[in-house]
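# Architecture and fold: a report
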Amino acid sequence: MRKSKKQQTPRRQFSDGFMNPLLRVGDYTPNTFNASRYVPRFKSFNRQQLEWAYQGSWLCSLAIDLIAQDMTREGIEIIDEKPEVTELLNSLLDDYLVWDSLCDVLKWARLFGGAIAVMMIDGQDMSTPLATIRKGSFRGLYVLDRWQVNPSNEVISDLGPNFGKPVFYNVIDSESGIKLNNERIHHSRVLRFEGRRLPYYLRQAYQGWGASVLEVIYPQILAYDLASSGAAQLVSKAYLRYYKVKGLRQILTNAVARKGFLAQMDHVRMFQSIEGLTLGDADDEFQTFSYSFAGLSEVLTQFGQQVSGGLGIPLVRLFGQSPAGMNATGESDIRNYYDNIKSQQDSQLRPCLKRLLRVMYMSATGQTPPSDFSFEFKPLWQMSTEQRAQSAQGLVGSILQAYDSQAISLEVALKELRKLADSVGLFAAITDEDIESAKELEFGMSAPSPEGLLTHEQGQNQDLGQGQAGEVQRGQPNGSNRGVVQEAPGPSGPNGGQNSPRV
């Protein structure tokens, strides 16, 4: 029955969209719109053209540099229990210009579609897997773009984030400008960055790399540069002068007449000024033409907005252009842009930076980093003086409240206050000696334990005599008999306890 019902059910044909062959409207009709097609550009294959665009166009260079610079501008905050390790790692980041190298590798990955940063470890063969790191052996990063290396055909078979990536990167000496002892670099020593991610078949065409970020926005950048150049040429032709001369052809064919005509033109240019006069014959006619620039700024603005939208960079950041309109500050655009940068930091920079910091930790301390060793990117948004003061007041109040409630010790409170130095600009003068002194001070002022107190009281009772000690112990087990009314307690702190040393 079900089979017969399916056979009796008539088939229905569905069509998408609207079509009118008489008006040539819709799909499959001969109109100019249906002739439009998308074709691959493969601009990333033209390395020289990309280099010229980066060097010759300020808009192309900003499209490459801005995001890479913002991703590495503020650095990171290393989270570790030992402040001396944090300071040592920050010193290594500065001494070996690690942030500059990371900024460069991000730039060339965005420009060419891919780049690598090689972790330079002294005394090790680059073709071998990275295993142990000798103390003090880290020497920084060396950046190579995708045209300076040739990935091997052998791929990683171990399951994980690197599955399917090349095992080795062969350095092309003629393109890299360096000579290595071994031209092969193992993938464990490489921080790999890609440009715009591509689907599988396009990625195979690009030898496993990504595409340049300029590839999709290249026509819009050309249109903006062409419009800007055309506007500059129109400025030189904005005011034209037209001089009509009767019988000009006959004058130019006569040597004497031509000489006199040219002399007349010289006099016209000499006397023609703001306060001068234009000399001419009665039959001559002098006219001026001025060009109107109305609508030109709107055209340039539209082209600029297309470039800004394609790159994901707001106009206030890309062009330094203040937004138009009442009460328009561009703050929301910048915040959205910084949120996008934070997302790119987490997706592109965090995995490689995590591996790099582990190598630097082992090189700095000679030990393997603990399991809770981590870092966070510092925020790009810079607070004003008032916002920083309000933030400092709230954060410091929270720390002091936790200390007053005895949730944290004085040592921990000072450490938390010192961590606020980068965000609020205060408490940077707290040193390790201050923290150690606070620890010793708090330990020295702490009350004795009940076991110790009981032992001390029993010793005193033994000196007074066996009988009297027995009476005292029966009257007050914790020590001497204090009577009915005990001594008044000392002055209390804000939470009712004894006063404790403040920060």
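Heads up: the structure comes first, above all this text.
I will try to describe carefully the structure that is included in this document. (Residues numbered from 1 in each chain as written. Predicted model: local features only at pLDDT ≥ 70, side-chain atom pairs only at ≥ 80, totals over all residues. Heavy atoms only, no water.)

## Description of the pairing of strand β10 (residues 374-377)
Alternating residues of β10 divide into F375 and F377, all buried, and S374 and E376, none buried. With 4 bridges connecting them, strand β1 (residues 76-79) and β10 associate as antiparallel partners. Within β10, the position partnered with I78 by the bridge is F375. (Buried < 20%, exposed > 50% of the residue type's maximum accessible area, 1.4 Å probe, protein only. Helix = DSSP H or I, 4+ residues; strand = E, 2+ residues; numbered from the N terminus. Pairing = 2+ DSSP bridges.)

## Quick notes on the packing of helix α3 (residues 58-71) against helix α5 (residues 98-112)
One way to put it is that α3 packs onto α5 with a least axis distance of 9 Å and a crossing angle of 145°. Here the hand of the crossing between α3 and α5 comes out right-handed. Contacts between α3 and α5 involve A63, I64, D65, I67, A68, Q69 and M71 from the former and C103, L106, K107, R110 and L111 from the latter. Of the residues belonging to the contact of α3 with α5, the class tally is 8 nonpolar, 1 polar and 3 charged. (Axes fitted to C-alpha atoms, helices over the stretch in contact; angles between N-to-C directions. Left-handed = near helix turned anticlockwise from the far one by under 90°. Contact = heavy atoms within 4.5 Å. Nonpolar A, V, L, I, M, F, W, Y, C, P; charged D, E, K, R; others polar.)

## A look at a nonpolar patch on the surface
On the surface, F18, L22, L23 and V25 cluster together into a nonpolar patch covering about 500 Å² of accessible area. By the secondary structure assignment, L22 is in the loop between α1 (2-8) and α2 (47-56). Assessed through its relative accessible area of 82%, L22 is described here as exposed. (Patch = residues over 30% accessible without salt bridge, like charges linked within 9 Å, V, L, I, M, F, W, Y side chains within 5 Å. Areas by Shrake-Rupley, 256 points an atom, 1.4 Å probe, with all protein chains shown as cover. Salt bridge = Lys/Arg side-chain N within 4 Å of Asp/Glu carboxyl O.)

## What to know about the sheet that holds strand β6 (residues 184-186)
One open sheet holds the 3 strands; their spatial order is β4-β5-β6, and the pairing between them is antiparallel. Of all strands in the sheet, those bounded by a partner on one side alone are β4 (149-151) and β6. Each neighbouring strand pair of the sheet contributes to a mean axis angle of 30°, computed without reference to strand direction. Where strand β5 (residues 168-171) meets β6, 3 bridges bridge the pair, whose relative direction is antiparallel. Looking at β6, one finds that Y169 is bridged to I185.

## Brief notes about the packing of aromatic side chains
Here the structure, examined in full by the defined rule, presents 14 aromatic pairs. For the pair F42 and F45, a centre-to-centre distance of 5.4 Å together with 5° between the ring planes defines the contact as stacked. Since its relative accessible area comes to 27%, F42 is described here as partly exposed. F45 gets classed as partly exposed once you look at its relative accessible area, which sits at 39%. Relative to Y206, the ring of F45 lies with its centre 4.8 Å away and its plane at 35°, an arrangement referred to as tilted. Remark: Y206 occurs in the loop between α7 (200-205) and α8 (214-236) and F45 occurs in the loop between α1 and α2; sequence separation between them is 161 residues. An aromatic cluster of three or more residues is present, and its members are F42, F45 and Y206. Here the guanidinium or amino end of R184 rests over the ring plane of F168, the centre of that ring lying 3.8 Å away. Over the aromatic face of F375 sits the side chain of R350, whose NZ or CZ is 4.9 Å from the ring centroid. (Phe/Tyr/Trp six-rings, centres within 6.5 Å; stacked < 30°, edge-to-face > 60°. Lys NZ or Arg CZ within 6 Å of the ring centre and 35° of its normal.)

## As for the pattern of salt bridges
This structure, assessed with the given rule, holds 14 salt bridges. The salt bridge involving D122 is made with R139; its shortest N-O contact spans 3.6 Å. One end of the pair, D122, is in the loop between β2 (114-121) and β3 (138-145); the other, R139, is in strand β3, and 17 residues separate them in sequence. Looking at R139, the relative accessible area reads 35%, which means it is partly exposed. We note a salt bridge from R269 to D266, for which the minimum N-O separation is 2.6 Å. With R269 and D266 both in helix α10 (residues 255-271) and 3 residues apart, this pair spans about one turn of that helix. Residue classification places R269 among the exposed residues on the basis of a relative accessible area of 54%. Several salt bridges converge on common partners, so that one network encompasses D70, R73, E74 and R317.

## Things to note about helix α13 (residues 331-365)
Between its terminal C-alpha atoms α13 stretches only 43 Å, short of the 51 Å expected from 35 residues at 1.5 Å a residue. L349 marks where α13 bends most, by close to 55°; the proline P351 follows one to four residues later. Of the residues trailing α13, G366 is marked for its positive phi of about 75°. (Expected span 1.5 Å × (residues − 1). Bend = angle between axes of the 7 residues up to and from the residue.)

## Regarding the sheet that holds strand β7 (residues 190-194)
In space, the 3 strands of this open sheet follow the order β3-β2-β7, with antiparallel pairing throughout. Of all strands in the sheet, those bounded by a partner on one side alone are β3 and β7. Here the average twist between neighbouring strands, direction ignored, is 20°. Summarising the sheet, β2 and β7 pair through 5 bridges and their orientation is antiparallel. By the bridge assignment, G114 is partnered in β7 with E194.

Function cannot be read off these values alone, since they describe shape.
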